[in-house]
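This is what each chain is made of:
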Amino acid sequence: MTIAFVLCLFFLIYILFIGQLIYGFNRMKRFSKKEFSTKTSFSIVVPFRNEKENLPNLLHSISLLNYPKELVEVLLVDDDSEDEFRIQNLEFRIQIIKNTRKSNSPKKDAIETAIQVAKNDWIITTDADCLVQKDWLAIYDQYIQENEVEMIASGVCYVPKSSFLSAFQNLDFLSLQGATIGSFGINQPFMCNGANFAYFKHFFKELNGFQGNETITSGDDVFLLQKAVSLAPKKVGFILAKESIVATKPVSTWSELFQQRVRWASKSTGYSSVFGKMLALVVFGGNLAWIVSFIFWLIGFLDQNIFMLFVALKFLIDFILLYKTANFFESKLQYVLASSLLYPFFSVSVAVYSLFGKYNWKGRNFRK
């Protein structure tokens, strides 16, 4: 069996899986906002640590929500912050509560702490460095009323900045969002983002919350989603609507980006979703095959035409998913070619390091 044949097999499997996600993305229907009588009550849960610069912006965006004030409360869960944050005037009910630590995951603990005191039926989580749109809760309410669901995920995008670092992580993030939407489209949801995630409080309790993955620092979103999909897949939905998108900040250094992606990748070994595990392996294998083919081409073990064919096929299939996702989020695709050449090295490094290394998060060190 030749090297070229083995590499070709890896790339074909990769193209097949990404092709499934593209097919799933195309199957997803846009959700359109209509005039609706609001009735769903929400508890917005925001775990935070040392976020005095970001929280005022988030709270300001919440203050602009086009939603009845009596149906909303905001729970800010302070995870041992070293800076001081004071609540500004907000028309919604708002309180700061202290995180009750009981596991290896500060964020999961923070969400469970909030749920214990939450007064409303629906929990909706976001992050301190996010911004929400004025119809954010209105579109969730409409979706809840029109669908028999008890858990909902929706889109997250980056606030645009002009630099190669920002463009690179935006492309990476768009690929994750594309995979998320595509997996819902083929009824194999395995991933979502806790910056824009909602669930019925009693459903959370039926799932026994985060029980079973407390030892994994990250994954407050994906593990809960995968539990729900395993138990009651028809109760889980995704809102594909521009009004529901939450914006978040890109990180400012390559070191921060690497640490963040290692944290995200570290939870993949704990997936209960077979499709999620297979996709993680296929993406790792596809990027590793790209690196191997590049090295073999450099040392003359692989014909240049075959190498260029591999590069072109991977770039094309990735670009199709990126383009569709960017079009939905109205995000610019910048430095695409340069990022596509760097990404396999970055992705494989993150994946390998996440298996054996430790990472820094919010000023604290964690081991896998």
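Residues numbered from 1 in each chain as written. Predicted model: local features only at pLDDT ≥ 70, side-chain atom pairs only at ≥ 80, totals over all residues. Heavy atoms only, no water.

Draft legend 1. Local environment of the sheet that holds strand β9 (residues 236-239). A sheet is described by the order of its strands in space; here seven strands give the open sequence β3-β2-β1-β4-β8-β6-β9, paired in mixed fashion. Of all strands in the sheet, those with a lone pairing partner are β3 (93-98) and β9, marking the two edges. Along the sheet, successive strands turn relative to each other by an average axial angle of 20°, direction set aside. Taken strand by strand, helix α5 (residues 164-185) contacts β6 (151-154) and β9, and its axis lies near 130° from that of β9. (Pairing = 2+ DSSP bridges. Helix = DSSP H or I, 4+ residues; strand = E, 2+ residues; numbered from the N terminus. Axes fitted to C-alpha atoms, helices over the stretch in contact; angles between N-to-C directions. Contact = heavy atoms within 4.5 Å.)

Draft legend 2. How the structure looks around the side chain of S244. Examined against the element boundaries, S244 turns out to sit in the loop between β9 and β10 (246-248). On the accessibility criterion, S244 (0% relative accessible area) is buried. Each residue touching S244, except ones within four places of it in the same chain, is listed here: Q133, W136, I139, Y140, S154, G155, N196 and I239. (Buried < 20%, exposed > 50% of the residue type's maximum accessible area, 1.4 Å probe, protein only.)

Draft legend 3. A look at the pattern of salt bridges. A full pass over the atoms with the stated rule returns 13 salt bridges. Of the charged contacts in the structure, one is a salt bridge between E91 and K69, with a shortest N-O distance of 3.9 Å. One end of the pair, E91, is in the loop between β2 (72-78) and β3; the other, K69, is in the loop between α2 (55-63) and β2, and 22 residues separate them in sequence. A salt bridge links D135 to K134, with the shortest nitrogen-to-oxygen separation between them at 3.3 Å. Residues joined by salt bridges that share partners form a network here, namely K107, D127 and D220. (Salt bridge = Lys/Arg side-chain N within 4 Å of Asp/Glu carboxyl O.)

Draft legend 4. Representation of helix α3 (residues 106-117) in the model. Over its 12 residues, α3 extends 17 Å from the first C-alpha to the last, a length consistent with the 16 Å expected when each residue adds 1.5 Å. What α3 keeps buried is the set P106, K107, K108, D109, A110, I111, E112, T113, A114 and I115. (Expected span 1.5 Å × (residues − 1).)

Draft legend 5. Geometry of the environment of E35. Mapped onto the secondary structure, E35 falls in the loop between α1 (3-27) and β1 (42-48). Note: C-alpha distance between E35 and A138 (103 residues apart in sequence) is 9.4 Å.

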